[in-house]
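Structural features, examined
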Amino acid sequence: LSTSTAVVEGVFGGALHVRDLADHGDFGIGTFEQLDGEGILLDGVCWQARADGRVSQAPGGEGIPFWIATHFEPEVTVPQGPIHSLEHLGQLLDPYRPGENLFVAIRVTGLFEEILVRSVSRVEQGTTLVEAAEGQATFSHRGLRGSLVGFWSPTHASSLNIPGYHLHFLSDDRCHGGHLLDVKAEAVQVEFDF
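Quick look at the structure, then. Counting of residues starts from 1 at the beginning of each chain's written sequence and follows it residue by residue. Local features in this predicted model are restricted to residues whose pLDDT is 70 or higher, and side-chain atom pairs enter the listing and the counts only when it is 80 or higher, whereas totals over whole chains, interfaces and linings include all residues. In computing side-chain properties, one takes all heavy atoms of the structure into account and sets aside hydrogens as well as water.

Observations concerning the sheet that holds strand 3 (residues 38–42)
Strand pairing is defined by DSSP finding a minimum of two bridges between the two strands. To qualify as a helix, a DSSP run of H or I must reach at least 4 residues; to qualify as a strand, a run of E must reach at least 2; elements of each kind are numbered from the N terminus. With antiparallel pairing, the five strands of this open sheet are ordered in space as 5-4-3-2-7. Unpaired on one side and paired on the other, strand 5 (55–57) and strand 7 (66–70) mark the two borders of the sheet. For this sheet, the mean inter-axis angle between neighbouring strands, taken without regard to orientation, is 15°. Lines fitted to the C-alpha atoms define the axes, with helices restricted to the stretch that makes contact. Angles between their N-to-C directions range from 0 to 180 degrees.

Points about the packing of aromatic side chains
Pairing of aromatic rings covers Phe, Tyr and Trp, the last counted by its six-membered ring, and requires centre-to-centre distances within 6.5 Å; plane angles under 30 degrees mean stacked, over 60 mean edge-to-face, and any other angle means tilted. For the structure shown, the criterion picks out six aromatic pairs. Each ring, one from Phe32 and one from Trp67, has its centre 5.6 Å from the other, and the planes form 70°; the classification is edge-to-face. Taken as a pair, Phe32 in the loop between strand 2 (27–31) and strand 3 and Trp67 in strand 7 lie far apart in primary sequence, 35 residues in all. Residue exposure (1.4 Å probe, protein chains only): buried if accessible area is under 20% of the type maximum, exposed if over 50%, otherwise partly exposed. Among the residues examined, Phe32 registers a relative accessible area of 0% and is labelled buried. Given a relative accessible area of 5%, Trp67 falls into the buried group. Measuring from centroid to centroid gives 5.3 Å for Tyr96 and Phe192, while their planes differ by 25°, and the two rings are stacked. In this pair, Tyr96 sits in the loop between helix 2 (86–93) and strand 9 (104–119) while Phe192 sits in strand 13 (residues 188–193), placing the two residues 96 residues apart along the sequence.

Some words on the pattern of salt bridges
By salt bridge we mean one thing: a side-chain nitrogen of Lys or Arg within 4 Å of a carboxyl oxygen of Asp or Glu. The full count for this structure, using the stated rule, is seven salt bridges. Between Asp36 and Arg50 there is a salt bridge; the shortest N-O distance is 3.6 Å. Of this pair, Asp36 sits in the loop between strand 2 and strand 3 while Arg50 is found in the loop between strand 4 (45–49) and strand 5, placing the two residues 14 residues apart along the sequence. Classification of Arg50 by relative accessible area gives buried; the value is 17%. Linking Arg97 and Glu100 is a salt bridge whose minimum nitrogen-to-oxygen distance equals 3.4 Å. By sharing partners, the salt bridges in this structure join Asp94, Arg97 and Glu100 into a single network.

A look at the nonpolar core
Counting 21 residues, the largest nonpolar core has Ile106, Phe112, Ile115, Leu148 and Val190 as the members making the most contacts within it. The element that contributes the greatest number of residues to this core is strand 9, accounting for six residues. Here a residue-residue contact requires only that any non-hydrogen atoms of the pair lie within 4.5 Å. Not counting residues within four places of it along the chain, the set of residues in contact with Val190 comprises Val76, Thr77, Val78, Gln80, Leu93, Ile106, Arg107 and Val108. In plain words, nonpolar cores are sets of buried Ala, Val, Leu, Ile, Met, Phe, Trp, Tyr and Cys residues tied together by side-chain atoms within 4.5 Å. If you look at the next biggest cluster of nonpolar residues, it comprises 13 residues, including Ile40, Leu42, Ala105 and Leu170.

Structural notes on the pairing of strand 13
By the criterion of burial, strand 13 is predominantly enclosed, with five of the six residues buried. As defined by bridge partners, strand 8 (residues 76–80) adjoins strand 13 across five bridges and the pair is classed as antiparallel. Bridging from a neighbouring strand, Val78 pairs with Val190 of strand 13.

A short note on unusual backbone geometry
In this chain, Gly81 is followed by Pro82 through a cis amide linkage whose omega measures -5°. Along the polypeptide, Pro82 turns up in the loop between strand 8 and helix 2. Of note in the backbone geometry, Gln34 takes a positive phi value of approximately 60° without being a glycine. On the secondary structure map, Gln34 appears in the loop between strand 2 and strand 3. According to the relative accessible area criterion, Gln34 is buried, its value standing at 9%. Of note, Arg174 is a non-glycine position whose phi angle comes to about 60°, a positive value. Tracing the sequence through the fold places Arg174 in the loop between strand 11 (164–171) and strand 12 (177–184). Classification of Arg174 by relative accessible area gives partly exposed; the value is 23%.

Following this line, the structure appears as structure tokens:
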């Protein structure tokens, strides 16, 4: 798969396909050819959250220019909450990371009081990520059960993945999803795979 640096520079053509993800993991996040939505790979199923708010299972032949995936095997499970914001969530998770040099896969499940997500629209080849983000659609939801799926990545790997926390949301009913912008919850379960 491609790198986050390539995506930032506007390289959005599919390098692999959704069907290839099974070789790399059952858990992860990414995007689709020409930034056609936000991707969530959960329990081996790939979901596509589009800019019109629709969420559907991604077709096997859909191109994927950027993805980070793993075979998720939780090593630590802890309850957390209350969570007041995305920044606060990061502060709660930081003590569980074993250091600044390891990737950490993270799944957060529970009832989310408030969730704010975004998804970008399909763009033309050569559009930069900054330009594409100007046309992003945002969606605010209340009282949704679901999962946050994502990773904490070290700064030294910024050419491979977005450094720090990068999380996508998928509701349990598979009707809502996207790139996480903000979150509030009273109590959730957090699983870490180091």
